[in-house]
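As a plain string of letters, each chain reads:
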Amino acid sequence: MKNYFKKSLKLQLFCIFAFMDKTKPIGVFDSGIGGLSVLKQFIKFLPYEKYIYFGDTARVPYGNKSKQTVEQYARQSTEFLLEKGVKLIVVACNTVSSIALDTIKEISNIPVIGMIEPAVNAALRETNNKRIGIIGTRATISSNAYLDLIKTKTASKDYQVFAKACPLFVPLVEEGLLHHAATELIAKEYLEEFIENKIDTLILACTHYPLLSELIKTILGDVTLIDSGENAAVLAIRLLAEKAALIDDKEEFIRKPKITFYVTDVPTMFYDAAQRFLGFPVDKPNIISIEKI
Ligand code: DGL
């Protein structure tokens, strides 16, 4: 019994100190560069933090892979960030958040923020007519993770949820065709049913979709778009503040965001696409071979 208390005290102290070290970076990971849209929101809301971004660019996309494969990749990315000594893990990828969040939490001794809960909370706050739409990759939509959480939180049959996989949006955004006629045509085809179903709130459940916000707004009109990254960043402020692990401007003034990039490959479009997601040019990333993660 004595031993048990000793062990549990040790664990508690470990956790407290692990949470309290505010100087450690925040770790953000994604299947590729799309997660930079989430990092952009974190930099906006938590500009004084240091960040480590890991993008599995050699194995992207995850959105049409099996649950087992996504779980295995998620585990490797998490272990990589844990080894780097981050204070918080942000699972920027909605596909990973939908499929492997529990696995990631199980192997992490630090707080983990996924994309689903912050977005669902925001959607439930915003909707007036209780008709919510969700768009994401095939893996995200078929996992039912968003739908299940909405059901759990509302426990009411009043809410109507409409979910749709929009797989072509990812390559269109990566190609930079944000305002192209082809993208508009495809978006109309995907989004038509949300107009028929009279949703008033749409969750953008994919790293790439915030870049299509303008186009989606033009098609859907008066519908509130929920950006997962933005809501996750707001949650991170609260979580880090509660643990006294938030760096504020009085302590450290950083002019340029402090980001260290790791990727598993540097594809030809990397710099252009990364700048599109982040809004400013990225530094040369460190390349990590898949065998080493
Ligand atoms: N990052 C993924 C997501 O948010 C989109 C790209 C992919 O399919 O890997 O679901």
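The present account deals with the structure reproduced in this document. All values derive from a computational prediction rather than experimental measurement.

On to the overall build of the protein chain, then. Tallying secondary structure elements over the protein chain gives 12 helices and 10 strands in all. Radius of gyration (C-alpha) of the protein chain: 19 Å, near the 19 Å computed for a compact globule of 293 residues. Residues classed as buried in the protein chain amount to 50% of the 293 residues present. When the accessible surface of the protein chain is totalled, it reaches about 14400 Å², and 53% of it is carbon and sulfur. Counting 36 positive and 34 negative side-chain charges, the protein chain places the averaged centre of each group 7 Å from the other.

Within the structure, the ligand sits among 13 residues, and Asp30, Ser31, Tyr62, Gly63 and Thr95 are positioned closest to it. Asn94 places a polar main-chain atom, nitrogen or oxygen, 3.1 Å from an oxygen atom of the ligand. Calculation on the ligand without its partners gives an accessible area of 300 Å², and the protein chains cover 99% of this total. With respect to the pocket detection grid, the ligand is positioned in the second largest pocket. Across the shell around the ligand, the residue classes break down as 5 nonpolar, 7 polar and 1 charged.

Glancing now at the sheet that holds strand 9 (residues 258-263). Spatially, 4-3-1-2-9-10 is the arrangement adopted by the 6 strands of the open sheet, whose pairing is parallel. Where the open sheet ends on each side, the last strands, each with one partner, are strand 4 (112-113) and strand 10 (286-287). Two strands pair when backbone bridges link them, and strand 3 (residues 88-91) and strand 4 are joined in this way by 2 bridges, in the parallel orientation. Across the sheet, residue Val90 finds its bridge partner in strand 4, namely Ile113. Sheet strands in contact with helix 3 (residues 67-83) are strand 1 (26-30), strand 2 (50-55), strand 3 and strand 9, and its direction is about 160° off that of strand 1.

In this structure, Leu36, Leu39, Ile135, Leu202 and Ile203 are the most contacted members of the largest nonpolar core, which totals 71 residues. No other element matches the 6 residues that helix 5 (residues 116-126) contributes to this core. The contacts of Ile203, once residues within four sequence positions are left out, are Ala119, Val120, Ala123, Ile132, Gly133, Ile134, Ile135, Tyr146 and Ile226. Counting residues in hydrophobic clusters, the runner-up holds 24 residues, among them Ile52, Val96, Ile99 and Ala139.

This part takes up the pairing of strand 3. Burial along strand 3 is two-sided: Leu88 and Val90 and Ile89 and Val91, pointing in opposite directions, are all buried. Between the parallel elements strand 3 and strand 4, the chain passes through helix 4 (residues 94-107) in a crossover that is right-handed.

With that settled, consider the environment of Glu106. Within the element layout of this structure, Glu106 appears in helix 4. For the pair formed by Glu106 and Val60, sequence separation is 46 residues and the distance between their alpha carbons is 24 Å.

A few words on the packing of helix 5 against helix 11 (residues 228-242). For any two helices packed against each other, the geometry comes down to the angle between their axes and how far apart the axes lie. Contact geometry of helix 5 with helix 11 gives a least axis separation of 8 Å together with a crossing angle of 100°. In terms of orientation, helix 5 and helix 11 fall into the roughly perpendicular class. Of the residues in helix 11, those in contact with Pro118, Ala119, Ala122 and Arg125 of helix 5 are Ser228, Asn231, Ala232 and Leu235. Its residues assigned to classes, the contact of helix 5 with helix 11 comprises 5 nonpolar, 2 polar and 1 charged.

All buried positions along helix 10 (residues 213-220) are accounted for by Leu215, Ile216, Ile219 and Leu220. Down the axis of helix 10, the smallest arc covering the buried residues is 120°, so these residues share one side. Of the residues in helix 10, the exposed ones pointing more than 90 degrees away from the buried face are Glu214 and Thr218. Buried residues belonging to helix 10 abut strand 5 (131-136), helix 9 (181-196), strand 7 (201-205) and strand 8 (224-227). Of the residues one or two after helix 10, Gly221 is the one with positive phi, at around 70°.

What follows is about the pairing of strand 1. For strand 1, the tally of buried residues reaches 5 of 5 residues, placing the bulk of the element in the interior. Taking every second residue as pointing to the same face, both faces of strand 1 are buried, with Ile26, Val28 and Asp30 on one and Gly27 and Phe29 on the other. After leaving strand 1, the chain enters helix 2 (residues 36-45) and then returns to the sheet as strand 2, a path that is right-handed. The pairing of strand 1 with strand 3 spans 4 bridges and is parallel. Bridge pairing in strand 3 links Val28 to Val90.

Okay, the sheet that holds strand 5 next. In space, the 4 strands of this open sheet follow the order 6-5-7-8, with parallel pairing throughout. The open sheet has two edge strands with one neighbour each: strand 6 (160-165) and strand 8. Each adjacent strand pair in this sheet contributes to an overall mean axis angle of 20°, direction not counted. As judged from the 4 bridges shared by strand 7 and strand 8, these two strands associate in the parallel manner.

Conventions used here
- Residues numbered from 1 in each chain as written.
- Predicted model: local features only at pLDDT ≥ 70, side-chain atom pairs only at ≥ 80, totals over all residues.
- Heavy atoms only, no water.
- Helix = DSSP H or I, 4+ residues; strand = E, 2+ residues; numbered from the N terminus.
- Rg over C-alpha atoms; globule rule 2.2 N^0.38 Å.
- Buried < 20%, exposed > 50% of the residue type's maximum accessible area, 1.4 Å probe, protein only.
- Areas by Shrake-Rupley, 256 points an atom, 1.4 Å probe, with all protein chains shown as cover.
- Lys, Arg positive; Asp, Glu negative; His and termini not counted.
- Charge placed at Lys NZ, Arg CZ, Asp CG, Glu CD.
- Near = heavy atom within 4 Å.
- Polar contact = N/O pair within 3.5 Å; in protein donor to acceptor, adjacent residues only side chain to side chain.
- 1 Å grid on protein atoms, 1.4 Å probe; cavity = no way out; pocket = protein on both sides within 12 Å on 5 of 7 lines; lining within 4 Å.
- Sits in = over half its atoms within 2 Å of the grid points.
- Nonpolar A, V, L, I, M, F, W, Y, C, P; charged D, E, K, R; others polar.
- Pairing = 2+ DSSP bridges.
- Contact = heavy atoms within 4.5 Å.
- Axes fitted to C-alpha atoms, helices over the stretch in contact; angles between N-to-C directions.
- Core = buried A, V, L, I, M, F, W, Y, C linked by side-chain atoms within 4.5 Å.
- Right-handed = clockwise from strand over helix to strand, strands pointing away.
- Parallel < 35°, antiparallel > 145°, perpendicular 65-115°, else oblique.
- Arc of directions from axis to C-beta.

The values are spatial; any link to function lies outside them.
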